[in-house]
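Breakdown of the fold
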Amino acid sequence: MENQLAPFPMSRPRRLRQSDWMRRMVSETTISPDDFIYPMFICEGENVTDPIPSMPGVNRLSIDMAIRVANHAANVGIPAIALFPYTDIKDKNKSCTEAFNPKNLVNRATRAIRSAVPDIGIMLDVALDPYNSDGHDGILRDGEIINDETLMALEKQAIVQAESGANILGPSDMMDGRIGIIRSALESNDFQNVAIMAYSAKFSSSYYGPFRDAVGASGALKGDKKTYQLDPANTNEALRMIQRDLSEGADMIMVKPGMPYLDVCQRITKEISAPCFAYQVSGEYAMIEAAALNGWIDRDKVIFESLLSFKRAGCAGILSYYAIKIAEILDSPL
Ligand code: PBG
């Protein structure tokens, strides 16, 4: 870019920073509640609010409590929520059959929220990890994740989720061929309006630890997810996965984790026109909370700044455990 500034003192860039109104007037990026998807953890029971120790301020909620929170999210202007089930160990097995039980926890929660809060979008993860006694997103046999057998399970899972009223499916499993299989299954079962937000650039990250605690998968996981999730060193590969998922019928794509991968977000939003979302994951949340709880950073200001970075990188939206909090912050500016 050529230098368009006149030499000093004709140019004094601080003129544009001199007052709040001037700064607001020339601001390049804004955040609004419309930009957010709020992830929520669901558990069995009634009237349950169960704190997650590694995510201070985030709770597992029974369905009745989740309805209240979903209603609050809708009232503060959040367009959509993403639901994740805490699955009891007795409901996990090697073939992940609970994943395609139409009456499993997440499908019951979806039905209940769909009827109590009709105007909020509901997104569900398509992946086997909450239901897998091996803790993986795919079916494990002889130490290997079996791609095509996993696809058959994911297809069944996606259909029961659509039947429950999910508006957006988020395949987060990173198997090859999953978007095409799920898209065709949705078409042939009359779910043309169900959108797919593909977790396309999902990196094999150590930032997911607190999430695995939250859904009860930490203890179960054997080994790591490196044979299917992306190597944190690779950007070209992330781009290839995004192009592939869009060509198989994804409507939107996602980069995950968020802040450590802002370069990936920015490159994608420059090169690809489909809406790109970032997931500010559990470990990112936990780091901000831990520092704030120690009094080392100003929580609200850091939350705002961290979320602004995704918009600056060009993202259409953000999945964040801070979605409701930021709506409140925006309502009474810092
Ligand atoms: C499961 C899934 C994970 C997250 C969302 N869906 C964890 C994983 O892949 O191990 C992580 C979200 C977070 O850390 O906040 N497929």
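Located above this text is the structure these notes cover.
Residues numbered from 1 in each chain as written. Predicted model: local features only at pLDDT ≥ 70, side-chain atom pairs only at ≥ 80, totals over all residues. Heavy atoms only, no water.

Quick notes on helix α5 (residues 178-188)
- Turning to α5, its buried residues number three or more, namely Arg178, Ile179, Ile182, Arg183, Ala185 and Leu186. One side of α5 holds all its buried residues, which, seen down the axis, span an arc of 165°.
- Where α5 is buried, its residues touch β5 (121-126), α4 (147-164), β8 (168-171), β9 (195-202) and α7 (236-247).
- Phi turns positive one or two residues past the end of α5, at aspartate 190, with a value near 70°. (Buried < 20%, exposed > 50% of the residue type's maximum accessible area, 1.4 Å probe, protein only. Helix = DSSP H or I, 4+ residues; strand = E, 2+ residues; numbered from the N terminus. Arc of directions from axis to C-beta. Contact = heavy atoms within 4.5 Å.)

Focus on the pattern of salt bridges
- The full count for this structure, using the stated rule, is 20 salt bridges.
- A network of salt bridges, in which partner residues are shared, links Asp173, Asp176, Arg178, Arg244 and Asp245. (Salt bridge = Lys/Arg side-chain N within 4 Å of Asp/Glu carboxyl O.)

Side note on the environment of methionine 174
- Topologically, methionine 174 is positioned in the loop between β8 and α5.
- Along the sequence, methionine 174 and tyrosine 208 sit 34 residues apart, while their C-alpha atoms lie 15 Å from each other.
- Discounting residues that sit within four places of it in the chain, methionine 174 has contacts with Tyr199, Ser200, Lys202, Tyr228, Gln229 and Leu230.

Some points on the pairing of strand β11 (residues 276-280)
- Within β11, five of the five residues are buried, which leaves it mostly tucked inside the rest of the structure.
- Both faces of β11 are covered, namely the face carrying Cys276, Ala278 and Gln280 and the face carrying Phe277 and Tyr279.
- One ladder, built from three bridges, connects strand β10 (residues 252-256) with β11; its direction is parallel. Its bridge partner being in β11, isoleucine 253 is matched across the sheet by cysteine 276.
- Taken together, β10, helix α8 (residues 262-271) and β11 form a β-α-β motif whose crossover is right-handed.
- The pairing of β11 with strand β12 (residues 317-320) spans four bridges and is parallel. Paired with glutamine 280 across the strands is serine 320, a residue of β12. (Pairing = 2+ DSSP bridges. Right-handed = clockwise from strand over helix to strand, strands pointing away.)

Let's talk about the packing of helix α9 (residues 282-293) against helix α10 (residues 299-312)
- In the contact formed by α9 and α10, the axes pass within 10 Å of each other and the chain directions differ by 155°. If you check the angle between α9 and α10, you find them roughly antiparallel. As for the relative orientation of α9 and α10, their crossing is right-handed in sense. Between α9 and α10, the residues in contact are Glu284, Ile288, Glu289, Ala292 and Leu293 and Arg299, Val302, Ile303, Ser306 and Phe310, respectively.
- Its residues assigned to classes, the contact of α9 with α10 comprises six nonpolar, one polar and three charged. (Axes fitted to C-alpha atoms, helices over the stretch in contact; angles between N-to-C directions. Parallel < 35°, antiparallel > 145°, perpendicular 65-115°, else oblique. Left-handed = near helix turned anticlockwise from the far one by under 90°. Nonpolar A, V, L, I, M, F, W, Y, C, P; charged D, E, K, R; others polar.)

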